[in-house]
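# Inside the fold
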Amino acid sequence: MSDRNAKPVSNLVKRSLRSAAQALGTRDPLPYIDGLIDRTFYLPDDDLSYTQNALTPGAVPYEPSFSEAEPGTLRFTIEPLGPNASPVARRDEATREMRRLISPIFGRDALRWFDSRSEEWRGFGGLSWMNYGAWFGSAFDEDGLYATKIYYELLPTQIDALSPGLSRLTRMIMAEMPNLMPIFTSIGCKKETGSQRVTFLHRGALAVNMLGPLMNRLGIGHQLPSLMRIVGVALGGRFELPSGGVLIGVRETPDGAELKLEILLAAIPDLPARFLDLLKLGLAERPRQLAALSRWLEAFGMDDAGEQGHFSVLSIRVTPSSPARISLYVRPIEFEMREQIEEARSLQ
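Presented here is an overview of the structure given in this document. Treat the numbers as computed from the prediction; the structure is a model and nothing was measured. (Residues numbered from 1 in each chain as written. Predicted model: local features only at pLDDT ≥ 70, side-chain atom pairs only at ≥ 80, totals over all residues. Heavy atoms only, no water.)

### Side note on the pairing of strand 4 (residues 144-153)
Definition in use: Accessibility here uses a 1.4 Å probe with only protein chains present; expressed as a share of the type maximum, an area under 20% marks a residue as buried, one over 50% as exposed, and anything in between as partly exposed. A helix here means a DSSP run of H or I that spans at least four residues, while a strand means a run of E at least two residues long, and both kinds are numbered starting from the N terminus. Pairing between two strands requires that DSSP report at least two bridges joining them.
Buried residues dominate strand 4, accounting for eight of its 10 residues. Examined bridge by bridge, strand 3 (residues 134-141) and strand 4 share eight bridges and lie antiparallel to one another. Each residue of the ladder has a partner; that of glycine 137, found in strand 4, is lysine 149. Here strand 3 folds back onto strand 4, and the loop between the two strands holds two residues. Pairing analysis gives seven bridges linking strand 4 to strand 5 (residues 180-190), with the strands arranged antiparallel. What sits directly across from tyrosine 151, in strand 5, is serine 186.

### Concerning the sheet that holds strand 1 (residues 62-67)
Condition: An axis is simply a line fitted to the C-alpha atoms; with a helix, the fit covers only the stretch in contact. Between two such axes, the angle follows the N-to-C directions and lies from 0 to 180 degrees. Any two residues whose heavy atoms approach within 4.5 Å are treated as being in contact.
Strand order in the closed barrel formed by 10 strands is 1-2-3-4-5-6-9-10-11-12, and the pairing between neighbours is antiparallel. Put simply, the sheet's adjacent strands are angled 20° from each other on average, direction ignored. Packing against the sheet, helix 3 (residues 87-106) makes contact with strand 3, strand 4 and strand 5, and its axis sits at approximately 150° to strand 4. Along the sheet, helix 5 (residues 164-176) makes contact with strand 5, strand 6 (194-202), strand 9 (246-253) and strand 10 (256-264), crossing strand 9 at roughly 145°.

### Examining helix 7 (residues 224-234)
For helix 7, the full list of buried residues reads Leu224, Leu227, Met228, Ile230, Val231, Gly232 and Ala234. Where helix 7 is buried, its residues meet helix 6 (212-217), strand 10, helix 8 (275-282), strand 11 (311-319) and strand 12 (322-330).

### Concerning the packing of aromatic side chains
Quick note on the threshold: Between rings of Phe, Tyr and Trp, where Trp is taken as its six-membered ring, a pair exists when centres lie within 6.5 Å; planes separated by under 30 degrees are stacked, by over 60 edge-to-face, and by other angles tilted.
Evaluated as defined, the whole model comprises 12 aromatic pairs. Considering the side-chain rings of tyrosine 62 and phenylalanine 76, the 6.0 Å spacing of their centres and the 55° angle between planes classify their relative orientation as tilted. Here tyrosine 62, found in strand 1, pairs with phenylalanine 76, found in strand 2 (residues 74-78); they are 14 residues apart in sequence, far enough to count as distant. Judged on exposure class, the residue tyrosine 62 and its partner phenylalanine 76 are both buried.

### A closer look at the pattern of salt bridges
Selection criterion: What counts as a salt bridge is simple: a side-chain nitrogen of Lys or Arg found within 4 Å of a carboxyl oxygen of Asp or Glu.
Summed over all chains, the structure comprises 24 salt bridges. For arginine 325, the salt bridge goes to glutamate 68, with nearest N and O atoms at 3.7 Å. Of this pair, arginine 325 sits in strand 12 while glutamate 68 is found in the loop between strand 1 and strand 2, placing the two residues 257 residues apart along the sequence. The partner of aspartate 115 in a salt bridge is arginine 99, with the nearest N and O atoms 2.8 Å apart. In this pair, aspartate 115 sits in helix 4 (residues 108-118) while arginine 99 sits in helix 3, placing the two residues 16 residues apart along the sequence. Among the residues examined, aspartate 115 registers a relative accessible area of 16% and is labelled buried. Residues joined in a network through salt bridges with shared partners are Arg39, Glu93, Arg96, Glu97 and Arg100.

### A closer look at helix 2 (residues 30-40)
Owing to its 3.6 residues per turn, the α-helix aligns residues three or four sequence positions apart on the same side. This is how the line gets drawn: Taken from the helix axis, the directions to the C-beta atoms give the arc we talk about.
Among all positions of helix 2, only Leu30, Tyr32, Ile33, Leu36, Ile37 and Thr40 are buried. Viewed end-on, helix 2 has its buried residues packed into an arc of 140°, placing them on one side of the element.

### Observations concerning the pairing of strand 5
Within strand 5, eight of the 11 residues are buried, which leaves it mostly tucked inside the rest of the structure. Strand direction decides the pairing type here: strand 5 and strand 6, joined by nine bridges, are antiparallel. In the sheet register, serine 186 faces strand 6, and the bridge partner there is arginine 197. Hairpin connection of strand 5 to strand 6: three residues between the antiparallel strands.

Everything listed is a geometric property; what it means functionally is a separate question.
Right, dumping it as structure tokens:
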């Protein structure tokens, strides 16, 4: 039973976003997405049903992230509409939010591009197989909405619906590494550009150096040492990632293919207690990015966090012209529901 003093989770989310926007010097995101926040986080902040989500299992489905490529932005992803919504409703809600924001802010050409790229995933086919439907992401800078992104579940049978270049890239990757299974596609829009990525789940354990042949095929094999350096430093010398702990994304860029290695940190059995310090050590040669990460962590109250579960995903990207650059996805302490889970178990 919910505590009569509990307040809607939306209050926590809004407070987190306003505080972070002020600390980072970005525009307040709430005038853009206030309605979505209210429709998604309307249940009390002690309601355990929020832990049953595909984005941040065991916590409220709100995931801020830092990107070394966009260090001054306020970025976050949510699973729309709360725990009782159907996958179809979440997909439709995220799609509506994308279209509502893209047209007036990024323009009609951007909306037409998004509609053409998303047509397969916002249609009526194959609804029975969906698990969570869709996630919605957005990023804000000092001018307002900087980018918006949707994550659609993806079946192998939908690969042909991708752009011709991305479709060929996806099939080549699956042929090179049969243990990779496509699980979702993300479509992102900014004012001047749009992009689409396919993300794969790696089935089984992965030694990071085994990415070498694939990266050579993609024309980015020369970036493997920089990628391995970040992994090795951040994980305390570990280079083998466990089954269920690895996602690999790929997209086309003007410079060629971009590969994104995502390490699901909760799957690492011996994540170093000093993970954050080690990650910062990996950025020591890039002081501006290091300072931006420290400022971002402070904005979300993560700078002194010592518990491993607060850091959910370490993402590392490389392109033909860019060595390894990181993103870090977090679960701020106020959105963890460990105490509520333990209390519920004690009452059983």
